[in-house]
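Report on the structure
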Amino acid sequence: MPELPEVETIRSQLEPLLVGRAIVDTWLSPEMPALPAWPPDAAAFASLLVGRRIASVGRRGKYLLIPLDDGNTWIVHLRMTGALIHCREGLPEDRFLRAWFRLDDGSHLCYRDVRKLGRMWVVADAEQVVGKLGPEPLAGALSPEALRRSLAGRRAPVKALLLDQRLVAGLGNIYADEALHEAGISPLRPGGSIAPDEAERLCAAIGRVLQRAIGHGGTSFFAYLDARGERGRHQLHVGVYRRQGEPCPRCGTAVARVRVAGRSTHYCPGCQV
Ligand SMILES: [Zn+2]
């Protein structure tokens with residue numbers, strides 16, 4: 001699933017291509033009727049986009065936020081396998097193409113989605129969709145104190161809590177595992193047992209791990225493609241994620257894989273305590 005670094009990579013690639021452009025036509029596949037989450041009717045959804053000019057391309061957590069010149073915001077969540085790919089010359093032959101948006105320079109923004117779980121909204125107030133998200137880890141909004149406060153008293157494993165988008169926006173399975181490894185904290189620890197110095201280490205580790213992944217254009221173990229249709233490179237640089245049985249890069253202990261809150265979780269039993 002695209003997490004914060006993947007969505008940020010797509011955002012930064014799309015920004016110079018989309019800002020100032022008008023949407024002149026659109027097509028939504030009838031095979032994916034739930035793609036427009038709001039308004040749910042495909043024709044009504046399209047009518048809110050066609051003729052509008054794109055004011056900017058932003059991001060909140062794993063959501064792309066695209067403000068339009070009429071004050072509405074077009075919001076895209078890629079979920080498991082969604083991808084937004086900018087195509088300069090015509091439309092690709094792609095059986096997983098679920099929607100396209102033609103721009104006034106003749107290019108297309110193509111939406112492909114193998115598992116058909118992605119969602120889009122056009123709303124007057126973006127807070128209706130993203131209002132419940134927790135602090136942004138890269139905008140300085142996530143502080144060690146805020147992190148510790150939201151973990152305090154919680155018995156759930158810290159790994160499971162980091163996946164809760166109301167606590168921290170944008171982390172998913174890959175970067176929660178990587179941040180806990182970087183911070184030297186076991187994913188199995190109850191959230192409430194995290195001490196102030198550990199919250200400080202974890203907060204800093206989350207920021208570093210996400211920044212490094214953005215520097216590598218995101219992680220492509222599975223379906224993730226960026227806005228140019230290319231794979232990310234961060235899978236070549238991970239510490240523990242999907243490296244079970246291989247030596248920990250910090251201490252050499254074999255990386256373990258366990259299930260935490262139903263999610264496969266990778267950690268080093270040697271240096272994560
Ligand atoms: Zn280790």
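Look above for the structure.
Okay, so let's go over this structure.

Rules used throughout
- The numbers attached to residues start from 1 for each chain and follow its sequence in the written order.
- Note on the predicted model: pLDDT of at least 70 is required for a residue's local features to be given, and 80 or more for side-chain atom pairs to be given and counted; whole-chain, interface and lining totals, by contrast, use all residues.
- Computation of side-chain values: all heavy atoms of the structure, hydrogens and water removed.
- Any two strands between which DSSP finds at least two bridges are classified as paired.
- Helix and strand definitions here come from DSSP, where helices need a minimum of 4 consecutive H or I residues and strands a minimum of 2 consecutive E residues; each element is numbered from the N-terminal end.
- Orientation is described by axes fitted as lines to C-alpha atoms, over the contacting stretch for helices, and by angles from 0 to 180 degrees between their N-to-C directions.
- Any pair of residues with heavy atoms lying within 4.5 Å of one another is described as a contacting pair.
- Given the number of residues in a helix, its expected span is that number minus one, multiplied by 1.5 Å.
- A pocket, in this scheme, is an open set of points on a 1 Å grid over the protein atoms alone with protein on both sides within 12 Å along at least 5 of 7 lines, while a cavity is a set where a 1.4 Å probe fits but cannot get out; residues line either one if an atom lies within 4 Å of a point.
- Grid points are joined across faces, edges and corners, and a volume is the space filled by probe spheres set on the points.
- Residues are sorted three ways: Asp, Glu, Lys and Arg are charged, Ala, Val, Leu, Ile, Met, Phe, Trp, Tyr, Cys and Pro are nonpolar, and all the rest, Gly among them, are polar.
- Domain limits in this description derive from either an automatic procedure or a database domain assignment.
- Counted as donors are N, O and S atoms no farther than 2.8 Å from the metal, or 3.2 Å for Na, K and Ca; water is not among the atoms, and sites may therefore look incomplete.
- For four-coordinate sites, all angles between 85 and 135 degrees define a tetrahedron; for four- and six-coordinate sites, opposite donors beyond 155 degrees with the remaining angles between 65 and 115 define square planar and octahedral shapes respectively, and all other cases count as irregular.
- Should the near helix be turned counterclockwise from the far one by less than a right angle, the crossing is left-handed, whereas a clockwise turn marks it as right-handed.
- The buried label applies to any residue whose accessible area, calculated with a 1.4 Å probe on protein chains only, is under 20% of its type's maximum; exposed applies above 50%, and partly exposed to all values in between.

Strand order in the open sheet made by the 4 strands is E1-E7-E8-E6, with antiparallel pairing throughout. Across the chains shown, the open sheet's two edge strands, defined by having one partner strand only, are strand E1 (23–28) and strand E6 (82–87). Neighbour to neighbour, the strand axes of the sheet diverge by 15° on average, direction disregarded. Sheet analysis places E6 next to strand E8 (residues 108–113), joined by 6 bridges and oriented antiparallel. Paired with Cys87 across the bridge in E8 is His108. Sitting on the sheet, helix H1 (residues 4–18) is in contact with E6, strand E7 (97–103) and E8, with an inclination near 35° to E6. Where helix H2 (residues 42–49) meets the sheet, its contacts fall on E1 and E7, and the angle it forms with E1 comes to roughly 160°.

Under the 1.5 Å per step criterion, the end-to-end length of helix H7 (residues 196–215) is 29 Å for 20 residues, consistent within 8% with the ideal 28 Å. Buried-residue contacts for H7 involve H1, helix H4 (144–151), helix H5 (158–162) and helix H6 (173–183).

Quantified by volume, the largest pocket comes out at close to 300 Å³. Lining the largest pocket are 15 residues, and of these Met1, Met80, Asn173, Phe222 and Arg263 lie nearest its centre. Considered class by class, the residues forming the lining of the largest pocket number 7 nonpolar, 4 polar and 4 charged. For the lining of the largest pocket, the domains that each give at least three residues are domain 1 (4–130) and domain 2 (144–267).

So, on to the coordination of the zinc ion. Ideal geometry at a metal gives 109.5 degrees between four tetrahedral donors and either 90 or 180 degrees between six octahedral ones. Coordination of the zinc ion by the protein is provided by Cys248 (SG), Cys251 (SG), Cys268 (SG) and Cys271 (SG), with metal-donor distances spanning 2.2 to 2.4 Å. Taken together, the 4 donor atoms coordinating the zinc ion and their angles of 95 to 117° define a geometry best described as tetrahedral. Counting residues between consecutive donors of the zinc ion along the chain gives the motif C-x2-C-x16-C-x2-C.

It is the contact of H4 with H7, at a shortest axis distance of 8 Å, that shows an interaxial angle of 115°. Judged by the twist between their axes, the crossing of H4 over H7 is right-handed. Residues Pro144, Leu147 and Arg148 of H4 form the contact with H7, whose own contacting residues are Pro196, Ala199, Glu200, Leu202, Cys203 and Ile206. Partitioning the contact of H4 with H7 into residue classes produces 7 nonpolar, no polar and 2 charged.

On to the pairing of strand E4 (residues 63–67). Among the 5 residues of E4, 4 are classified as buried, and the element is accordingly described as predominantly covered. Bridging between strand E3 (residues 58–60) and E4 involves 3 bridges; their strand directions are antiparallel. Its bridge partner lying in E4, Arg60 is registered against Tyr63. The loop that links E3 with its antiparallel partner E4 comprises 2 residues; one of these, Gly61, has a positive phi angle of about 55°. Bridge analysis of E4 against strand E5 (residues 73–77) gives 5 bridges, and the strand direction is antiparallel. Its bridge partner lying in E5, Pro67 is registered against Thr73. The turn linking E4 back onto E5 is made up of 5 residues, and Gly71 within it adopts a positive phi angle of 95°.

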